[in-house]
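Each chain, written out:
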Amino acid sequence: MPNLTTHLRIGMISYPVFLFIYGFVSKLLNKSFSPTPIEISISYAVFILGSDLPDVDSSNAPLRNLTKAIS
């Protein structure tokens, strides 16, 4: 089973690919796509956090411990 670092690495690698594909498709559909550096940074952080969500089922996942502490 992949651990936290594997999920985070996949998120770090796949975000630029996702951003490129999104920009390419929006260009094909004649939509404007020009995100600011702040928007890219925030969405990158959210994307990486989302890549950790499949790891919630692991007993030592930091996100699982955080959700247990909040609830």
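Provided above is the structure to which this section pertains.
How each quantity is defined
- Sequence order as written defines the numbering, with residues in each chain counted from 1.
- Two thresholds apply to this predicted model, a pLDDT of at least 70 for residue-level local features and 80 or more for giving and counting side-chain atom pairs, whereas whole-chain, interface and lining totals are computed over all residues.
- As a rule here, side-chain values come from all non-hydrogen atoms in the structure, and water together with hydrogens is ignored.
- Helix numbering and strand numbering both begin at the N terminus, where a helix is a DSSP run of H or I of at least 4 residues and a strand a DSSP run of E of at least 2.
- The contact criterion used throughout is that any non-hydrogen atoms of two residues lie within 4.5 Å.
- In this analysis, the expected span of each helix is defined as 1.5 Å times one less than the number of residues it contains.
- Here the bend at each residue means the angle between axes fitted to two seven-residue stretches, the one ending at that residue and the one beginning there.
- Any residue under 20% of the maximum accessible area for its type is buried, any over 50% is exposed, and the rest in between are partly exposed; the area is computed with a 1.4 Å probe on protein chains only.

Colleague: I'd like a description of unusual backbone geometry, backed by residues and values.
Modeller: With the exception of glycine, the majority of residues adopt a negative phi angle, and the majority of peptide bonds are in the trans configuration. You will see that asparagine 30, though not glycine, has its phi angle at about 60°, which is positive. For asparagine 30, the location among the structural elements is in the loop between helix 1 (4-28) and helix 2 (37-51).

Colleague: Can you lay out the environment of phenylalanine 33 for me, pointing to particular residues and giving the numbers?
Modeller: As for its placement among the helices and strands, phenylalanine 33 is situated in the loop between helix 1 and helix 2. For the pair phenylalanine 33 and glycine 23, spaced 10 residues apart in the sequence, the C-alpha separation amounts to 6.2 Å. Ignoring anything within four residues of it in the chain, the contact list for phenylalanine 33 reads Leu19, Tyr22, Gly23 and Ser26.

Colleague: Tell me about helix 1, and name the residues and values.
Modeller: Its 25 residues place the ends of helix 1 36 Å apart at the C-alpha level, agreeing with the 36 Å of an ideal helix rising 1.5 Å per residue. Serine 14 marks the point of greatest bend in helix 1, at about 30°, and the proline proline 16 comes within the next four residues. Within the span of helix 1, buried status applies to His7, Gly11, Tyr15, Gly23 and Ser26. Looking at the buried positions of helix 1, the neighbouring elements they touch are helix 2.

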